Each structure stands twice: as C-alpha cells, then as structure tokens.
Amino acid sequence: MPTTPLPHRIQSFQEYREVYARSVADPEGFWAEQARTFRWHTGWGRVLDWNFEEPRVRWFEGATLNITENCLDRHLDERGDQTAILFEPNEPDDPVVKLTYRELHAEVGRVGNALRELGVGKGDRVCFYMPMVVELAVSVLACARIGAIHSVVFAGFSAQALADRVNDADCSLIICSDYNRRGSKNIPVKAVVDDALALGCPSVRNVLVHRNTGEEIAWNKGTDVWYHERVEGQSSSCAAEVMGAEDVLFILYTSGSTGKPKGVVHTCGGYMVYTAFSFLNVFQYQPGDVYWCTADIGWITGHSYILYGPLLCGATTVMFEGVPTYPDAGRFWQVCAKHHVNQFYTAPTAIRALMARGHKFVEGHDLSDLKVLGSVGEPINEEAWEWYHDYVGQGRVPIVDTWWQTETGGMMISGLGGLSPQKATFAGYPLPGIQMALVDKESGQELTGNPESGLLCVKFPWPSILRTTWCDHERCRTTYFTTVPGMYFTGDGARRDAEGMYRIVGRVDDVINVSGHRMGTAEVENAINEHGQVVESAVVGYPHAIKGQGIYAYVIVADGVPADDRLREEIVAMVRQEIGPIAKPDKIQFVAELPKTRSGKIMRRILRKVASGETEQLGDTSTLLNPEAVEQVIAGVV
Ligand code: PRX
C-alpha cells in the first residue's frame, strides 16, 4: 500500500537549525517542497508573489486543489479504517463516537450534497453557530468540499454579535443546533439564532438545524430546515469543487483595538500547507497517535488544530463536547487516560483553573501515553507551566508553548515537541519559514541583537498569513502593515533572550486576553455605552489569577442616577446582550471623571495601572487635562 506523503518532519534540534536556515535562504523552494506532498489538480506558476505595502500575498497562485481531498480522499487507501474524529461527549457515560476516515469522507459527501441542494455553492458564505458536536466538524468540511466559505461563530456569542457577523459576510445559510450541552446545563442555541434573525439578517435564506438534545424549539416554517431530514438519503459521493490556491477557505471574526470585530480571511492552498507542516512538527505527530486539542472550533485553534492540520496529516483527532470541570476537575485527565491520548493541547486558563482545584484530580489517571503537552492562547505563567509539567507531564513530557494568532493561521513560535530546549514562560524559537523581528517602539528600527525586547513583527510572508479582512482591505492594511512599514505587526510585545528564544509579554494595543479569548476594549466600551444611563466608559485589563486578564470597567453615569449594584447588574446584562457572557466586566468602578490628555484622549496607561493596583508608579500625570481625576479614580478602586 502506498504511503500518503506528508510534509517534512524534523527529527532533532540540530536538524531544526538546518531546516530553518534553508527556509529563510530559499523560502519558495522550501515551501514548494512541502506543498508538493499534497494532492493538487493543477500546479502553480509562481510559488510566491508578495508585498507588505498593499498588502498582497499570494502563495501557489494558479494551482488548484480542494483541501478536503487532502484531508480525506487521499488517506482512504492507507488509513480508511483508522479513526479520524474521536468524539468524547459531555456526559462521561454517554457513547463515544468514532468516525473513520472512510466514514467521515462519506458523511462530508452527504452533507456537501445536502448543502448544494439548499442552493449553496462556491463562494457563498455559511455561518455556523454550534456546539462541539461531530456534525459541526462534518459540515464545516462539507462547506470546504463544495467551495462555500465557512464563518464559524463561537456559540457563546450573543444574538447581536451573531447578527453582526452574519451581516458582515452576507451569509445565506446558518447551521446551528437546537441546544448545546455544557456540563450540567443545556444551553439554547437555536433560540439565539432566532433572536439574531429578528434583529435583521436579510441575506439568510435558511437555517439548517441539527437535532442535538431534542428539546423543544420554535420553528420558522419559511426558513428552518432539519439537518437530518436533508442529509438522510443523500449520496455519499460528492465531487469536490476545484478551488484556486488563493480562493477563500474561511472567514473567522476576531477582535481588534478599534471598531467591530473583523473577518480574518484565509485561503485554501497556503493554509493547507502551513497547518499540516506546523501540526506535524510541533506535536511530532507519528502515525497511530491520538491527538487532543481542547479548543472550540469557534476559534482559530479549533480550525487549524482540531480539524485541518490533524486531518491533513491523517491523525486521529479528539473532539470534546464538554467542559474541563464536569463532572469534576479530573475530566481532562480521565479522557486522556480513556483514549490513550499522546498529544494534548490546551490553554493556560484551563490549566490554572484545574491547578486551583488541586493535583488530587490528576492523580489516579494513567497519563503514561502522553508524549507532548501544548499550551496556546495567552502567556503561560511560571506556576501554571510547572504544574502542567510536574503533575500532568509527570516531569517527563515536553511542553510546547505555541504562540500564534487568528491572523497567522498556524503556530509561529514554539518548541518542537521533545526536540527543542524548553524554558518555562518562553514560547521558544520561530518555526521554519517564520522570520520574526523585534522592533523598537520609538524609532521603528529592527532590534537585531540578543537579548532585546520590542514590538513583535514578522518580516516575510508565510503560507497561512491572513490575506485580507473581509470586504475591508484597507482595515487589514492599517491594522497590521502600517505600524512598522514593510512588516506584519502582531499587536504583541516580546523579549528575546541571549539564545534567541522568544518570550511573549502580551498585547501592546487595546486588546485584552480574557481566558485566552481576545477582546477589544473598545468593543466592550461600546456595549456598556449602550446603557441609557451611561455617559462614558473606559475598559482595561488587569491581572486575574485564573483568567489571565480580567475586564475592569470605569463608568461615568448620568447626573442623578444612583451608581449602585442594580446599575452594575444592568451594565453586565447589557454587555451579555451585545457581545456575550465572555465579555462581561469582572469589576465596575463608577467614576465622576476619566483622566484625559489635553487633546481629550483617555489615559488608559494610568487606568491600567490603577486597576492592577500599581498606583505607586503612575509616572508623570502633571500634563493631564484633569490630574485630580487620577486621585478620585485611585480612591474609588474596586
Ligand atoms: O497576545 C497573543 C495571545 O493571543 C493573541 C492571539 O489571539 P487569537 O487570535 O484569539 O488566537 C489565539 C490562539 C492562537 C496573540 O496576539 N497568545 C496566543 N498564544 C500565545 C499568546 N500569548 C502568549 N503565549 C502564547 N503561546
């Protein structure tokens, strides 16, 4: 039986150094070599065409492919009967679902045909609002099969947030479930979609509803269609749409420092090559391994490293419906033991939450199959790193701290499991092909020495860099390509040590990272300001023991309005309504004034320090328009 070719897997740190050097000396040759391991319908003309001024990045242009043929069809000969998706349900005693590559291929075909029958075709946008169930994975892949563009919205966002995203991309179809199971609760999902439609989503023709819990839902005869009714009886054979390498594969909305969330656009060819390459190398995945990433498919981590990366490499990927603390804080470790998980990938916030419950929940679970532990989403603090290493990894398992973003499509800085030197709180070295730079904030010059700290940038395109932001290319340019001309600016600050290892310090813009979720402070402020009795607000992040950062809101209320707990609750409810529970402020402080510069800009630096309890080092406040506001703010801190 022929072996399915895969991108190159590096096998030692020495080899990493050599491969890295080659990837920088000849990026086109290097990536063409990786790309050739995939199934293309026609080959590319030029490997790469780029400039970071417009910006314009095109990889493998002229080539055609379908990513699902690479995720599914090409594995059928060698591993058709191997489990592709291993679904672990919310309730530990409910049945596990295992879909082999052959079954997944057939199911994706059936759903692809059902979608085509609903009038969905190449380039149409399909929005997903679903829990972590197999049908989500299948229908995302079915979209890719027929060339439709998927836009997955995390099912914790509010109806308003959902409607905003549906409308920005003019989605013609929403795929959702009736309810979502999370721990001991069932959460309505379809009802939120109904509310979103009631807010006005003129592009939506149909809502395809997956029956998950079977509980009662409202039914809209004009638009609603049952998933099972449409999929049943479909042929499993579904011709894959032939896509250009630079055709859009998906849109994923993410928060920035200004305005509404933007739709990050990823395309078919480069994203495929990079997610597979990075998955294989960072996790050192070997055939037969069981890999589990605990993220939700509503975020980029789920796209790249539950679905595409692992399936492209013929992996067995675990999908978990539940939460880490149900029925108890040992659930992750019980699942690892039950399925003999070899690579486990989670977020520091989950590690901290479990650490707080004590290591007794880890003990008693056989974790001897673990080979690599991964971390993603936010800086991992030393205590959490040590706990992960000592208790979960039993001092034996290497940790990869993977730094990347929605915009980068794949992991950018990380150790390669078991090969690279590791150092707590350091993400490590850039992956092959990733040309990082630190840039001095004041001068805008690249800092080439070691050690150094500065703005974290990338100097050269990699295959899965975002191509644009949906329907707003100018926003893509100004957000990422103008801070440091000629480079992609990540929004993060970082330090590089004497050996060249990177440590991510955190965001340097007005974005906060709450439990690994990215939140724009302006977005939260806009939601708070929707409350009729709020005059103005300012939101900042502050250190939070479990969430990494908490949301601290300073709020000015209208004259005569009692600034009390009732108002606090209303403000929180407003944020839940506008964005969702993940954005609700942890602390609200009512203030009479916000410290401002003479030009009227809110001094967030000061507000951040006050919220963090660092009132000793506020720096020079004499140039403020209203220095007395600072004292008032300090006096009222909550
Ligand atoms: O600040 C960095 C932080 O998360 C941001 C990207 O968020 P998002 O697009 O939602 O993607 C998260 C999952 C890839 C980054 O700008 N971040 C992500 N990973 C790390 C991290 N910060 C420190 N260390 C990491 N490993």
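Data block above holds the structure.
Owing to the predicted nature of the structure, the values given are computational and were not obtained by experimental measurement.

> Even after reading the chapter, I still don't get empty space enclosed by the protein, so can you show me in this structure?
The gaps left among the atoms become clear once a water-sized probe is rolled over them. All chains considered together, the criterion is met by one cavity of 30 Å³ or more. Within this model, the largest cavity holds a volume of roughly 40 Å³. Taken together, Asn66, Ile67, Ala144, Gly147, Ala148, Met243, Val248, Leu249 and Cys268 make up the lining of the largest cavity. Taken together, the residues of the lining of the largest cavity break down into seven nonpolar, two polar and no charged.

> Honestly, the layout of surface pockets in this entry has me stumped. Any pointers?
Quantified by volume, the second largest pocket comes out at close to 360 Å³. Ranked by the residues each element gives to the lining of the second largest pocket, the list is headed by helix H18 (residues 604-611), at three residues. Among the residues forming the lining of the second largest pocket, the class breakdown is four nonpolar, three polar and seven charged.

> Any chance you could explain the packing of aromatic side chains here in plain terms?
Working definition: an aromatic ring pair is given by the centre-to-centre distance plus the angle between the planes. Tallying each qualifying case throughout the model produces 42 aromatic pairs. Between Phe13 and Tyr16, the ring centres sit 5.4 Å apart and the planes meet at 20°, which makes this aromatic pair stacked. Highlighted residues: Phe13 and Tyr16, both in helix H1 (residues 13-25), separated by three residues, approximately one helical turn. Exposure remark for Phe13: the relative accessible area of 18% places this residue in the buried category. Ring geometry for Tyr271 versus Tyr308: centroids 5.6 Å apart, planes at 85°, classification edge-to-face. Placement of Tyr271 in helix H10 (residues 268-282) and of Tyr308 in helix H11 (residues 300-312) is noted, with a sequence separation of 37 residues between them. Residue Tyr271 is classed as buried on the basis of its relative accessible area of 1%. Members of the aromatic cluster, each reached through a chain of ring pairs, are Trp50, Phe52, Phe460, Trp462, Tyr480, Phe481 and Tyr488. The ring of Tyr429 is capped by Arg17, whose NZ or CZ atom sits 5.3 Å from the centre of that ring. For Arg165, the ring lying beneath its charged end belongs to Phe157, and the centroid distance is 4.3 Å.

> I tried to follow the site of the ligand on my own but got confused; where do I start?
Around the ligand sit 17 residues, and of these Asp401, Thr402, Thr406, Asp492 and Arg518 come closest. Pro379 places a polar main-chain atom, nitrogen or oxygen, 3.4 Å from a nitrogen atom of the ligand. At 2.9 Å from an oxygen atom of the ligand is found a side-chain nitrogen or oxygen belonging to Gln405. The fraction of the free accessible surface of the ligand (540 Å²) that becomes covered by protein chains is 96%. Of all the secondary structure elements, the ones that give two or more residues to the shell around the ligand are H11, strand S20 (399-402) and strand S26 (502-507). For the shell around the ligand, the class distribution of residues is six nonpolar, six polar and five charged.

> Sorry if this is basic, but what is going on with the sheet that holds strand S8 (residues 173-177) here?
Note: strands within a sheet are paired through backbone hydrogen bonds, in either parallel or antiparallel orientation. Taken in spatial order, the eight strands line up as S12-S11-S8-S6-S7-S14-S15-S24 in an open sheet, and their pairing is mixed. Two strands in the sheet have a free side with no partner beyond their single neighbour: strand S12 (224-226) and strand S24 (468-469). Bridging between strand S6 (residues 125-129) and strand S7 (residues 149-152) involves four bridges; their strand directions are parallel. Looking at the pairing, Val126 lines up with His150 of S7. Packing of helix H7 (residues 159-168) onto the sheet brings it into contact with S6, S8 and strand S14 (248-254), and relative to S6 it is tilted by some 165°.

> What should I look at first to understand the nonpolar core in this one?
Among soluble globular proteins, nonpolar side chains are generally buried collectively. Core analysis: the largest hydrophobic core is formed by 124 residues, its most contacted members being Trp40, Phe60, Leu104, Leu115 and Tyr308. For Phe60, the residues in contact, after removing those within four places along its chain, are Trp31, Ala32, Ala35, Trp40, Trp44, Arg46, Val47, Ala245, Gly269, Gly270 and Val273. Counting residues in each nonpolar core, the second largest holds 54 residues, with Ile174, Tyr179, Trp299 and Ile588 among its members.

> Which parts of the structure should I look at to understand the sheet that holds strand S5 (residues 97-100)?
Read from one edge of the open sheet, seven strands run S5-S4-S17-S16-S18-S19-S20, paired in mixed fashion. Every other strand in the sheet has two partners, leaving S5 and S20 as the edge strands with one partner each. Between one strand axis and the next, the sheet turns by 20° as a mean value, whatever way the strands run. Across the sheet, helix H6 (residues 134-146) lies against strand S4 (83-88), S5 and strand S17 (316-320), angled at about 25° from S5, the strand it touches most.

> Would you explain the state of the cysteines in this entry?
Disulfide: a covalent bond formed between the sulfur atoms of two cysteine residues. Throughout the structure, instances matching the rule amount to zero disulfides. Of all cysteine sulfurs, the one in Cys171 lies closest to Cys127, which takes part in no disulfide; the gap is 4.9 Å. Classification of Cys127 as buried rests on a relative accessible area of 0%. Of all cysteine sulfurs, the one in Cys293 lies closest to Cys336, which takes part in no disulfide; the gap is 12 Å.

> Explanation requested: helix H17 (residues 565-578) in the structure shown.
Spacing of three or four residues puts side chains on the same side of an α-helix, whose turn is 3.6 residues. Between its terminal C-alpha atoms H17 stretches 20 Å, which fits the 20 Å expected from 14 residues at 1.5 Å a residue. The complete set of buried residues in H17 reads Leu567, Ile571, Val572, Met574, Val575 and Glu578. Looking straight down H17, one finds that the buried residues subtend no more than 155° of arc, so they occupy a single side. Residues of H17 that are buried make contact with H7, helix H16 (521-529), strand S29 (534-544), strand S30 (548-557) and strand S31 (587-590). One or two residues past the end of H17 sits Gly580, with phi positive at roughly 140°.

> What should I look at first to understand the environment of Gly516 in this one?
Mapping Gly516 onto the fold places it in the loop between strand S27 (511-514) and strand S28 (517-520). Since its relative accessible area comes to 26%, Gly516 is described here as partly exposed. Gly516 sits 139 residues away from Gly377 along the chain, and the two C-alpha atoms are 4.7 Å apart. Excluding residues that lie within four positions of it along the chain, Gly516 makes contacts with Thr349, Gly377, Glu378 and Lys547.

> How do you make sense of the pairing of strand S19 (residues 372-376) when you look at a structure like this?
For a regular strand, side-chain orientation follows a simple rule: the groups alternate between the two sheet faces. For S19, a buried count of five out of five residues is recorded, marking the element as mostly surrounded by other parts of the structure. The alternating pattern of S19 places Val372, Gly374 and Val376 on one face and Leu373 and Ser375 on the opposite face, and all of these are buried. Here strand S18 (residues 343-346) pairs with S19 via four bridges, running parallel. Bridging from a neighbouring strand, Tyr345 pairs with Gly374 of S19. Crossover S18 to S19 through helix H13 (residues 348-356) is right-handed. Inspection of the sheet shows S19 paired to S20 by four bridges, in the parallel sense.

About the criteria used
Chains are numbered independently. Their residues run from 1 in the order of the written sequence. Totals for whole chains, interfaces and linings use all residues, but because this is a predicted model, local features are given only for residues with pLDDT of at least 70 and pairs of side-chain atoms are given and counted only at 80 or more. Hydrogens are left out, water is left out, and the side-chain values use all remaining heavy atoms of the structure. A 1.4 Å probe that fits into a set of points on a 1 Å grid over the protein atoms alone but cannot get out defines a cavity; an open set with protein on both sides within 12 Å along at least five of seven lines defines a pocket, and lining residues are those with an atom within 4 Å of a point. Grid points are joined across faces, edges and corners, and a volume is the space filled by probe spheres set on the points. Classification used: nonpolar for Ala, Val, Leu, Ile, Met, Phe, Trp, Tyr, Cys and Pro, charged for Asp, Glu, Lys and Arg, polar for all others including Gly. Helix and strand labels come from DSSP, where a helix needs a run of H or I of at least four residues and a strand needs a run of E of at least two; each type is numbered from the N terminus. Only the six-membered ring of Trp is used, alongside the rings of Phe and Tyr, when aromatic pairs are assigned; centres must lie within 6.5 Å, and planes under 30 degrees apart are stacked while those over 60 apart are edge-to-face, with the rest tilted. Any residue under 20% of the maximum accessible area for its type is buried, any over 50% is exposed, and the rest in between are partly exposed; the area is computed with a 1.4 Å probe on protein chains only. Two thresholds decide whether a charge sits over a ring: the Lys NZ or Arg CZ must be within 6 Å of the ring centre and within 35 degrees of the ring normal. For this purpose, a residue is taken to be near a molecule or strand whenever a single non-hydrogen atom of the residue falls within 4 Å of it. In the analysis that follows, any N or O atom pair within 3.5 Å is treated as a polar contact, provided that within protein one partner can donate a hydrogen and the other can accept it, and provided that, for residues neighboring in sequence, both atoms belong to side chains. Each accessible area value is a Shrake-Rupley result obtained with a 1.4 Å probe; residue values ignore everything except the protein chains displayed when judging cover. Strands pair, by our definition, only if DSSP identifies at least two bridges between them. Only heavy atoms matter for contacts: two residues are in contact if any of them lie within 4.5 Å across the pair. Lines are fitted to the C-alpha atoms to define the axes, a helix being fitted only along its stretch in contact, and any angle between axes, read from their N-to-C directions, falls within 0 to 180 degrees. Nine residue types can take part in a nonpolar core, namely buried Ala, Val, Leu, Ile, Met, Phe, Trp, Tyr and Cys, and a core is a set of them joined through side-chain atoms within 4.5 Å. The criterion for a disulfide is a pair of cysteine sulfur atoms lying within 2.5 Å. Helices are assigned an expected span. That span is 1.5 Å times one less than the residue count. Note: the arc covers the axis-to-C-beta directions of the helix. A clockwise course of the path from the first strand over the helix to the second, judged with the strands pointing away from the viewer, identifies a crossover as right-handed.

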